[in-house]
Structure formats: C-alpha cells, structure tokens
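Chain residues, written in single-letter form:
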Amino acid sequence: MQQHEKFMKRCLELASAGLGSTYPNPIVGSVIVHEGKIIGEGWHRKAGEAHAEVNAVNSVKDKSLLKKSTIYVTLEPCSHFGKTPPCCDLIIANDIPNVVIGCVDPNEKVAGRGIAKLMASGKKVTLGVLEKECIALNRRFFTFQNKKRPYIILKWAQSADGFISPERKTEAKPVWLTNQYSRQLVHKWRTQEHAILIGTQTAIDDNPSLTARDWHGQNPIRIVIDRSHRIPKENHIFDSQAKTIALSEQPSDWAQTEIIDFEGNLVEEICKSLFRNDIQSVIVEGGRRLLQTFIDAGIWDEARVFRSETVLGNGTKAPFFDFMPHLKENIRKDELLMYRNHDQHDYF
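What you are looking at is a predicted structure, and each value in this text was computed from that prediction instead of being measured. (Residues numbered from 1 in each chain as written. Predicted model: local features only at pLDDT ≥ 70, side-chain atom pairs only at ≥ 80, totals over all residues. Heavy atoms only, no water.)

1. With respect to the nonpolar core
Logical step 1: Grouped together as the largest cluster of nonpolar side chains are 38 residues, with contacts concentrated most on M8, V31, I32 and Y72.
Logical step 2: Here the element with the most residues in this core is helix α1 (residues 2-16); it accounts for five residues.
Logical step 3: Residues within four places of M8 in sequence aside, it is in contact with Y72, V73, T74, V100, I101, G102, V129, L130 and C134.
Logical step 4: Counting residues in hydrophobic clusters, the runner-up holds 31 residues, among them F294, V305, L337 and Y339. (Core = buried A, V, L, I, M, F, W, Y, C linked by side-chain atoms within 4.5 Å. Buried < 20%, exposed > 50% of the residue type's maximum accessible area, 1.4 Å probe, protein only. Helix = DSSP H or I, 4+ residues; strand = E, 2+ residues; numbered from the N terminus. Contact = heavy atoms within 4.5 Å.)

2. Looking at the side chain of E269
Logical step 1: Structurally, E269 is set in helix α9 (residues 266-276).
Logical step 2: Those residues in contact with E269, other than ones at most four positions away along the chain, are I260 and D261.

3. A word on the UniProt feature "binding site: substrate" (unreviewed entry) in the protein chain
Logical step 1: UniProt's entry tags R190, D206, L210, R213 and E285 with the feature "binding site: substrate" (unreviewed entry), counted in the numbering of this structure.
Logical step 2: Looking at the element boundaries, R213 is found in the loop between α8 (200-206) and β9 (221-225).
Logical step 3: Beyond its immediate chain neighbours, meaning those up to four positions away, R213 contacts H187 and R190.
Logical step 4: Structurally, E285 can be placed in strand β12 (residues 281-286).
Logical step 5: Classification of E285 as buried rests on a relative accessible area of 17%.
Logical step 6: Engagement of the side chain of E285 in a polar contact is seen with the side chain of R190, the distance being 3.4 Å. (UniProt positions renumbered as here; feature names shortened; annotations may be inferred. Polar contact = N/O pair within 3.5 Å; in protein donor to acceptor, adjacent residues only side chain to side chain.)

4. Structural notes on the pairing of strand β6 (residues 151-158)
Logical step 1: With eight of its eight residues buried, β6 lies for the most part within the structure.
Logical step 2: Here β6 shows two buried faces, one formed by Y151, I153, K155 and A157 and the other by I152, L154, W156 and Q158.
Logical step 3: Pairing analysis gives four bridges linking β6 to β12, with the strands arranged parallel. Paired with Y151 across the strands is S281, a residue of β12. (Pairing = 2+ DSSP bridges.)

5. Considering the pattern of salt bridges
Side chains that carry opposite charge are capable of pairing whenever their charged atoms lie near each other.
Logical step 1: Inspection of the entire model under this criterion finds 16 salt bridges.
Logical step 2: Between E41 and R10 there is a salt bridge, and its shortest N-O distance comes to 2.7 Å. Here the residue E41 occupies a position in strand β2 (residues 37-43), and R10 occupies one in helix α1, the gap between them amounting to 31 residues.
Logical step 3: A relative accessible area of 30% places E41 in the partly exposed class.
Logical step 4: Salt-bridge contacts for D95 lead to K123; the nearest nitrogen and oxygen are separated by 3.1 Å. Of the two residues, D95 is situated in the loop between α3 (87-93) and β4 (98-103) and K123 in the loop between α4 (113-120) and β5 (124-127); the sequence distance between them amounts to 28 residues. (Salt bridge = Lys/Arg side-chain N within 4 Å of Asp/Glu carboxyl O.)

So, in structure tokens, the structure goes:
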C-alpha cells in the first residue's frame, strides 16, 4: 500500500497543474509504473483535450511494457463518449493489467461504471488509495456534482480596524488595503476558479475589471448581480476582456442575462443559476451585503480574509464572521486567514 500511496501522490501533483484550465471537467493526474519505476505520466490539461490517462499512455516510449504495468489515476477512468473517447477503452485496448484509482467519479455518467467495465475485462482494480486527498483536490468538481451548486470561496480584505472600504471615495475604482504581493496572489486565485461574483453597488462604486491581469492564466467568468440594470454598460465589467453574466429580473439587449427570483432565497437563486451555466467554482468578492448573505445562509466552502495594517477609522464594516481559521500566514505586513466550512464537507 505504501508503494500505491507513493505513486498516487505523484498523480495528485500532476493533477494540480490543471487547476483553472479544465472547467467544467475535473482535474486528473495519472502515472504508469513498471517494476517500481514510472515510465509514463500525464494530466488533463484542458477541457476538450486528451484526458490524463491518454497523456500518460502516450508518454510511454516502449509500449510493450504496458502489458506488464500498473496505471494510477486520481479519479475513476471515464466509460462514456464525451468530447474524447472513454479512457476505460484505452486501458483495455493497451492491455494494462492493473489499475489503481484514488476515488469514484460522482458524475452520474460514470459513477462506478468505469470500475465495473475494467473489472469485467479482467483488470485488477484497486480503489480508494489516498481517497480523501483525491476528493479534496477535486472538491470543486465533487461539490458541483453532489450539491448541485458551485464551490463557493468568500474573499475580502479588511483594515486593521475592521473596515473593508472607506466612508468616502474620490473616484470609481477599487481601494486596495493590501500590498502588491497580496494583490498578485488574488489574481493567481482568479486564474484557478471558474467565476467571480460581485454585487451591484460594488460594480458601480469600484468599476472593477475582475481579471487576472497580474498573473498568467485564464480570466474567470464575471458574474454580477444587477437586478434592475443599474450598472452603466460602459463599465469594465461588461468589456470584452472576459465573459460576463448579469443576474437580473429582466433580460437585457446588451449583456448576457440570467433571470433569477429576487423575492426568493437569493443565495439559492444564485447557486441554481450558476449550476445551470455549468460553473463549478466561484469567488464571492463582495461587497459586504452580498458576503454577509452567503455567511448567514451557511452556504460557503472556503473563506480567504486579508487583514491589512492600514487603519481607515470609519467606512463599511467587514462582514460578521465568527469562525476559527485553519491557516494563518503573513504576506509581508498583511495577514491572510484561511477558513473551511466543515458543515459542508467531511473531507476537510
């Protein structure tokens, strides 16, 4: 089992390289081992392209060794035709005798069918190696499949005296409380998540771009709550740098609009809308009212809070958030606190 865990850890490392580029697919890593040595490895790089198992098999120089090898994969190999052929068929066609799987795929199109197909073909299947770690790595995908909503990350920065913005602003742009290194980290996060969400007033007051301009990678889909289309269409949120979806009461002739019920449960309406659009994860960046709505509903998975050394004296209070962080770190003089919602998951 220690050998299995060793090679599965490598699969996890490989899979993490795909974070942010495979949506709406999961991130998956795979290695192929012959006589205790890795002879091939791969990961799923982008939706619509080859899966991890395909890349691993293709990387093996001497294909004759496959018949005496073990393939490791973080997630159950697919057994259905999508944009690419089933990975189970590839494993069977190459006569790889041993398959070690981290966790079962929760997608109803797979959900054990891949394992059953491999076993029916005579393969020796070992399941559940570093299962908790494999699920945690794909927590966005598992949340989307099991809870029928995106994985929700709350994020805000607050001053040393507990405010997220000053009382008065002189121009419509974000007020940065944190240092440049914290800001760069935020942009890195944007490349890793599927979407980013703000409310109407934040869009009007700050006129943010919500792009990942300080880090190399894909921009997230921008989601904005705009109940009555109050946000000027000239604002950055509606430019061509990234896709934007407006959550509104009425359709618009100049923006992609999702109609939601503002008289109902707002968090549930937002989650249902994002699920319909196959959005697997979202960073909720505010403002305070929107963040507090998610907190009060208990519908969030992670929170990432920066505490700055800046003192504002007055302004908009930070959300009320009475939880204990699982991690603290300093980014120069900023403090970053990371939280997990244990009520939502059993693998944290």
